[in-house]
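Letter by letter, the chains look like this.
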Number of protein chains: 2
Amino acid sequence: MPNRPGTLALVLHLSKAVHRASSEELLGMRLRQFLVLSYLHERSPSRQQDLCETLMLDANNCVLLLNDIEAAGWAERRRDPDDRRRHIVEITDSGREALFRAEIALDSLEDEVLGALSADERDTLRDLLSRAMADQPAVV
Amino acid sequence: MPNRPGTLALVLHLSKAVHRASSEELLGMRLRQFLVLSYLHERSPSRQQDLCETLMLDANNCVLLLNDIEAAGWAERRRDPDDRRRHIVEITDSGREALFRAEIALDSLEDEVLGALSADERDTLRDLLSRAMADQPAVV
DNA sequence: TATTGTTATACTCTATAACTATA
DNA sequence: TATAGTTATAGAGTATAACAATA
């Protein structure tokens, strides 16, 4: 009969710890907004649909999130000329600056949350998580 | 300027993938109930307060969660004779059985979510996560 | 007076369904 | 008819404050 706290349970707990440790005040934005801008920083312009799927957001949720981000001036949406039903999302210079500041803040938060691990161990952790995520069906 | 998806962002994404992949139907209980029973399986009887702190649950949230778990017959609460303000929580045989079935289900889910990693790599991941979690301030 | 647990309440996040426009 | 995005609405999860019982 298994009993040790499983790997997935640990992932859930650590995620909760990150949510608790992060605040809008610290990042200058909400955590979910940060994740969107991080995505856009790597792939911009990007189709709204791809963004939603990769970040595992409901279509509805995605719209509301992008509304706020666009209102903050961090990204812009425009119609795809090839298929006017689609939206193309692109990060703005202001968005990159906000993202940069948030990343600095998140680095210090990472020191806090992963303080028990050495630099090498954090690299290992990151590599393992990255490969696990790449295999997720929802991710494009 | 940093740009790679950070380790913490990966933790958040993987956590979301776990939430998405798990269902009450699959586990026979809710994910949050599973986490409580897992805790109790290791430390039972346990003070309600300790349980709340370790699982990073609000006092309120903890009460509601334990209400449901107790109603399902998976755990019991009783007053602490030494301090009648406190509650002692103890898992029941029925709770252990339900936990066991859920763990079996979660194992297959782990295969799904961590399918990209070898057994050794999963052990490494579990070790790193476990040590990171042990260092969290909220955890008793 | 301080603490543990509970209740009441509201807020955030997420999910479902119906609607608009484009194809 | 089908799809991308939006809107409206409800549900789940979480947080805040007031309360009761006990110390």
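These lines cover the structure that appears in this document, whether it is placed above or below.

Criteria and cut-off values
Residues numbered from 1 in each chain as written. Chains lettered and ligands numbered in written order. Predicted model: local features only at pLDDT ≥ 70, side-chain atom pairs only at ≥ 80, totals over all residues. Heavy atoms only, no water. Least-squares fit on C-alpha atoms with pLDDT ≥ 70 in both. Contact = heavy atoms within 4.5 Å. Buried area = accessible area lost by both parts, 1.4 Å probe. Salt bridge = Lys/Arg side-chain N within 4 Å of Asp/Glu carboxyl O. Polar contact = N/O pair within 3.5 Å; in protein donor to acceptor, adjacent residues only side chain to side chain. Helix = DSSP H or I, 4+ residues; strand = E, 2+ residues; numbered from the N terminus. Nonpolar A, V, L, I, M, F, W, Y, C, P; charged D, E, K, R; others polar. Buried < 20%, exposed > 50% of the residue type's maximum accessible area, 1.4 Å probe, protein only. Near = heavy atom within 4 Å.

## Here we look at the relation of the copies chain A and chain B
Both copies of the chain are related through a single rotation about an axis accompanied by a shift along the same axis.
So, point 1. The transform that puts chain A on chain B rotates by 180° and translates by 0.0 Å along the axis, for an RMSD of 0.0 Å. The superposition operator between the copies reduces to a two-fold rotation axis.
So, point 2. Mapped onto chain B, 100% of the interface residues of chain A are again interface residues, and the two copies thus contact each other with one and the same surface.

## Focus on the interface of chain A and chain B
So, point 1. Of the residues lining the interface, 51 residues belong to chain A; the matching set on chain B comes to 51 residues.
So, point 2. The contact between chain A and chain B buries some 5,700 Å² in all, and 69% of this surface belongs to carbon and sulfur atoms.
So, point 3. A per-residue breakdown of the area chain A buries against chain B is headed by Leu 8, Met 56 and Arg 126 of chain A, which together make up 13% of the total.
So, point 4. For the pair chain A and chain B, the interface holds four salt bridges.
So, point 5. For Glu 121 of chain A, the salt bridge identified is with Arg 131 of chain B, shortest N-O distance 2.9 Å.
So, point 6. Where chain A packs against chain B, one counts seven residue pairs in polar contact (both at pLDDT 80 or more).
So, point 7. Of all the secondary structure elements, the ones that give two or more residues to the side of chain A that touches chain B are helix H1 (7–21), helix H3 (31–42), helix H6 (93–113) and helix H7 (119–134) of chain A.
So, point 8. Among the elements that take part in the side of chain A that touches chain B, H1 of chain A stands out by supplying 14 residues, more than any other.
So, point 9. Of the residues in the side of chain A that touches chain B, the class split is 28 nonpolar, ten polar and 13 charged.

## Quick word on the pattern of salt bridges
All names here are of chain A.
So, point 1. Considering all chains together, one arrives at 22 salt bridges over all chains under this definition.
So, point 2. Between Arg 30 and Glu 24 there is a salt bridge, with its nearest N and O atoms 3.6 Å apart.
So, point 3. Residue class for Glu 24 comes out partly exposed when judged on its relative accessible area of 44%.
So, point 4. A cluster of three or more residues bridged by salt bridges with shared partners is formed by Asp 83, Arg 85 and Arg 86.

## A few points about the protein's contact with DNA strand C
So, point 1. The environment of DNA strand C is made up of 19 residues, and the closest members are Arg 32, Asp 58, Asn 60 and Arg 85 of chain A together with His 87 of chain B.
So, point 2. The sugar-phosphate portion of DNA strand C accounts for 67% of its atoms within 4 Å of the protein, the bases making up the rest.
So, point 3. Separating a phosphate oxygen of DNA strand C from a side-chain N or O atom of Arg 32 of chain A is a distance of 2.7 Å.
So, point 4. The set of elements that each furnish at least two residues to the surface near DNA strand C consists of helix H5 (59–71) and strand E3 (83–91) of chain A together with helix H1 (7–21), helix H4 (48–54), helix H5 (59–71) and strand E3 (83–91) of chain B.
So, point 5. Per-class residue counts for the surface near DNA strand C are two nonpolar, six polar and eleven charged.

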